[in-house]
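Working through the structure, step by step
What follows is each chain in one-letter form.
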Protein chains: 2
Amino acid sequence: LSRVLVTGASGFIGRHVVSRLAERGHEVHAVARAADPAIPAARWHAVDLLDPDARGDLAGRARAEMLLHLAWCADPATYRESPDNLAWTEASLELLRAFAAAGGSRAVLVGSVFEYDWAGGICAESTTALRPGTLYGTCKSALGTIVPAAGPALGLSCAWARVFWLYGPHEPRGRLVSSVIENLLEGRPASLSAGAQERDFLHVSDVAGALVALLDSEVEGHVNVGSGVAVPVRAVAERIGALVGRPELLSIGERPGGAHEVPLVVAHVERLTREVGFHPAFDLDRGLAHTIEWWRTALARQ
Amino acid sequence: LSRVLVTGASGFIGRHVVSRLAERGHEVHAVARAADPAIPAARWHAVDLLDPDARGDLAGRARAEMLLHLAWCADPATYRESPDNLAWTEASLELLRAFAAAGGSRAVLVGSVFEYDWAGGICAESTTALRPGTLYGTCKSALGTIVPAAGPALGLSCAWARVFWLYGPHEPRGRLVSSVIENLLEGRPASLSAGAQERDFLHVSDVAGALVALLDSEVEGHVNVGSGVAVPVRAVAERIGALVGRPELLSIGERPGGAHEVPLVVAHVERLTREVGFHPAFDLDRGLAHTIEWWRTALARQ
């Protein structure tokens, strides 16, 4: 059991990570711009990591053995091309060095499917080229080449997780799964593109479980965090329609777009399953049912 | 004519860059840890770029239209795997953002042949994969993927120069060309490996000229800075022996090593010659003769 510093701790993935770590008995030092007392961390550090003065010697104050760094710019409208991607790259390198200097030993940082060249469909850590199409993907892929290579120089064991698509409780509104569920539960129509493209979806609780399992392992380098299962995007919506019992509210193919989408993007998960030893608790069907129940409760509370 | 901020201005390349820019009539704001009055800058900023307090608002003080960023860790014994490579990556991103925020418009940052996968021999910007073998090369290649991609977000025109091998006046002692010249001029034997591997050498004055031409152009993205000519390393030593008139002092093949060297690494220079319009002033023979004369004078002054 270790003291773990978690950044982005109040975010979509972060809050699930903090819960998982606490369940495993780790002492969680949670970092976010504002503390969230509803999330069960041993200690909160209310710090804006992009503000050098506010950041100060966060790593020295926490003196954690492990680091799980999730914080990044996440505003859905702007994150793809925001200059903040450069600031987050800087802040991440700074945090990693400070964590090492403060005696840390194990670090997991988090990248994305958006680093990969999608042309081949199946994305494998060791053989798929990187070809990001956004500044977000470019900065993540750049940081992701540095982090594992820097382990020996910093005296750290480092892994870089590439997270694929995800859904689940606390997903920000307006994304695919969250918006379809919310619309259907409220009796509103949900209008979608044709959605023939296949993607790799994992329940956020399993994403968090995979990241925690990776952190607790000795696996270094790049590790995909996905289900390994490709599902057409339209099938996700159709499954929600069936589970909510309102399939007639879906208008699939009504929205334009999708024609130029890459047909298949799925994670090769051999490292995650064989080396880390992680297996998801949710398949898509159970994961969506669980997420719908969470939204029912959340909407009833409003 | 513009105000140009040059970092690493007292270094091997930097001092030649400052002279070139001054010759062209640019107003040079030169940055180094210590000012060097022998180098003809309009203004020196004595700043350690790795020290945030010392750095302060350097870009705001300089208010330059152009940035040529050369500074990086360069200690020959340690630069390959030094954790300072991470600090320089951070400092470079920070400088680029501050330069943009201070109203800058054009930036050239400097990478290296050590970013490339050397397996193919000829290194071309658009087709040769990146496969750095050191933390230095990894950090340079990571920064080099971010910089051109960040141009639009920062409102900058950005180029990333990949410099191949170089030699010339002010080369630090102990490197191939500097050590062979110094030994032979002093009448000492020079012991070398077999040196069959072919590499791409450019006189530092031409490297500086290419960087200045690139800065003054509107070319964006990645641009190799090399001669485009492959020369066996042993031929460089043999040419020095002939030009100094002491070929008998060379013991080529006496040192071990070289057996596992990649046989050929040469720059594809179409972008540099056609798009930037730069052509070197020195071929290898004239460049070595010029360098030997500089060393004769330098050694006579000691």
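Described in the following lines is the structure provided in the data block. (Residues numbered from 1 in each chain as written. Chains lettered and ligands numbered in written order. Predicted model: local features only at pLDDT ≥ 70, side-chain atom pairs only at ≥ 80, totals over all residues. Heavy atoms only, no water.)

A few points about the overall build of chain A
The helix and strand inventory of chain A stands at 10 helices and 14 strands. For chain A, whose C-alpha radius of gyration is 19 Å, the value lies close to the compact-globule estimate of 19 Å for 302 residues. Principal-axis analysis of the C-alpha atoms places the extent of chain A at approximately 60 × 45 × 35 Å. Long-range pairs, those at least 24 residues apart, make up 75% of the contacts in chain A between residues at least 6 apart in sequence. Accessible surface for chain A amounts to roughly 12400 Å². Of this, 50% is attributable to carbon and sulfur atoms. (Helix = DSSP H or I, 4+ residues; strand = E, 2+ residues; numbered from the N terminus. Rg over C-alpha atoms; globule rule 2.2 N^0.38 Å. Contact = heavy atoms within 4.5 Å. Areas by Shrake-Rupley, 256 points an atom, 1.4 Å probe, with all protein chains shown as cover.)

Some words on the relation of the copies chain A and chain B
Both copies of the chain are placed relative to one another by a rotation about an axis and a shift along it. Rotating chain A by 180° and translating it 0.0 Å along the rotation axis places it on chain B, where the RMSD comes to 0.0 Å. Such values leave the two copies arranged in the relation of a two-fold axis. (Least-squares fit on C-alpha atoms with pLDDT ≥ 70 in both.)

A look at the packing of aromatic side chains
Per the stated rule, a full pass over the model turns up 16 aromatic pairs over all chains. Here the aromatic rings of Y116 of chain B and F164 of chain B are separated by 6.2 Å at their centres, their planes lie at 40°, and the arrangement is tilted. With Y116 of chain B in the loop between β5 (106–112) and β6 (122–123) and F164 of chain B in the loop between β7 (157–163) and β8 (165–167), this residue pair connects regions lying 48 residues apart in the sequence. Taking relative accessible area as the criterion, F164 of chain B reaches 3% and is therefore assigned buried. By the ring-pair criterion, three or more aromatic residues cluster together here, those being F114, Y116, W118, F164 and W165 of chain A. When the ring centre of W72 of chain A is taken as reference, the NZ or CZ atom of K140 of chain A above it lies at 4.0 Å. (Phe/Tyr/Trp six-rings, centres within 6.5 Å; stacked < 30°, edge-to-face > 60°. Buried < 20%, exposed > 50% of the residue type's maximum accessible area, 1.4 Å probe, protein only. Lys NZ or Arg CZ within 6 Å of the ring centre and 35° of its normal.)

Considerations on a negative patch on the surface
The grouping of D51 and D53 of chain A together with D48, D51 and D53 of chain B at the surface amounts to a negative patch. Among the structural elements, D51 of chain A can be located in the loop between β3 (43–46) and α2 (52–55). (Patch = residues over 30% accessible without salt bridge, like charges linked within 9 Å, V, L, I, M, F, W, Y side chains within 5 Å. Salt bridge = Lys/Arg side-chain N within 4 Å of Asp/Glu carboxyl O. Lys, Arg positive; Asp, Glu negative; His and termini not counted. Charge placed at Lys NZ, Arg CZ, Asp CG, Glu CD.)

Section: helix α1 (residues 12–23) of chain A
Residue and element names in this part refer to chain A. With 12 residues, α1 should reach 16 Å at 1.5 Å per residue; the first-to-last C-alpha distance of 18 Å fits that figure. Buried within α1 are the following residues: F12, I13, G14, R15, H16, V17, V18 and L21. Those residues of α1 that are buried lie in contact with β1 (3–7), β2 (27–32), β4 (66–69), β7 (157–163), β8 (165–167) and α7 (204–216). G25 occupies a position one or two residues after α1 and carries a positive phi of about 95°. (Expected span 1.5 Å × (residues − 1).)

Thoughts on the nonpolar core
Grouped burial of nonpolar side chains is what soluble globular proteins tend to show. Residue and element names in this part refer to chain B. Core analysis: the largest hydrophobic core is formed by 69 residues, its most contacted members being V6, I13, V17, L211 and I240. Element by element, the count of residues in this core is highest for helix α7 (residues 204–216), at nine residues. Residue contacts for I240: discarding those within four places in its chain leaves V177, V180, I181, L184, L288 and I292. (Core = buried A, V, L, I, M, F, W, Y, C linked by side-chain atoms within 4.5 Å.)

Thoughts on the pattern of salt bridges
Counted by the stated rule, this structure contains 32 salt bridges over all chains. A salt bridge links R15 of chain B to D36 of chain B; the nearest nitrogen and oxygen atoms lie 3.6 Å apart. A residue pair is termed long-range when its members are at least 10 positions apart, and R15 of chain B in helix α1 (residues 12–23) and D36 of chain B in the loop between β2 (27–32) and β3 (43–46) qualify at 21 residues. Neither R15 of chain B nor D36 of chain B differs from the other in exposure class; each is buried. Among the ionic pairs, D117 of chain B bridges to R131 of chain B, the shortest N-O distance being 3.1 Å. With D117 of chain B in the loop between β5 and β6 and R131 of chain B in the loop between β6 and α5 (135–154), the pair connects residues that are 14 residues apart, well separated along the chain. Classification of D117 of chain B as buried rests on a relative accessible area of 19%. Ionic contacts of the salt-bridge type, sharing partners, join the residues E90 of chain A together with E94 and R97 of chain B into one network.

Overview of the sheet that holds strand β4 (residues 66–69) of chain B
Residues and elements named next belong to chain B. In spatial order, the strands read β3-β2-β1-β4-β5-β7-β11; together these seven strands make up an open sheet with parallel pairing. Bordering the open sheet on either side are β3 and β11 (221–225), each of which pairs with just one other strand. Each strand axis lies, on average, 20° off the axis of its neighbour in the sheet, ignoring direction. Across five bridges, strand β1 (residues 3–7) lies against β2 in parallel orientation. Along β2, the bridge assignment pairs L5 with H29. Contacting β5, β7 and β11, α5 runs over the sheet at an angle of about 155° to β7. (Pairing = 2+ DSSP bridges. Axes fitted to C-alpha atoms, helices over the stretch in contact; angles between N-to-C directions.)

Examining the environment of A98 of chain A
All names here are of chain A. Tracing the backbone shows A98 in helix α4 (residues 84–101). With a relative accessible area of 22%, A98 lands in the partly exposed category. Spatially, the C-alpha atoms of A98 and D36 are 24 Å apart, while their sequence positions differ by 62 residues.

Regarding the interface of chain A and chain B
Counting residues at the interface gives 20 residues for chain A, matched by 20 residues for chain B. Where chain A abuts chain B, roughly 1700 Å² becomes buried across the two surfaces, and 76% of that area is made up of carbon and sulfur atoms. A salt bridge links E90 of chain A to R97 of chain B; the nearest nitrogen and oxygen atoms lie 2.8 Å apart. Applying the counting rule to chain A against chain B returns four residue pairs in polar contact (both at pLDDT 80 or more). Mapped by element, the contributors of at least two residues to the side of chain A that touches chain B are α4 and α5 (135–154) of chain A. By residue number, the principal contributor to the side of chain A that touches chain B is α5 of chain A, which donates 10 residues. (Buried area = accessible area lost by both parts, 1.4 Å probe. Polar contact = N/O pair within 3.5 Å; in protein donor to acceptor, adjacent residues only side chain to side chain.)

Shape descriptors only; they carry no functional weight alone.
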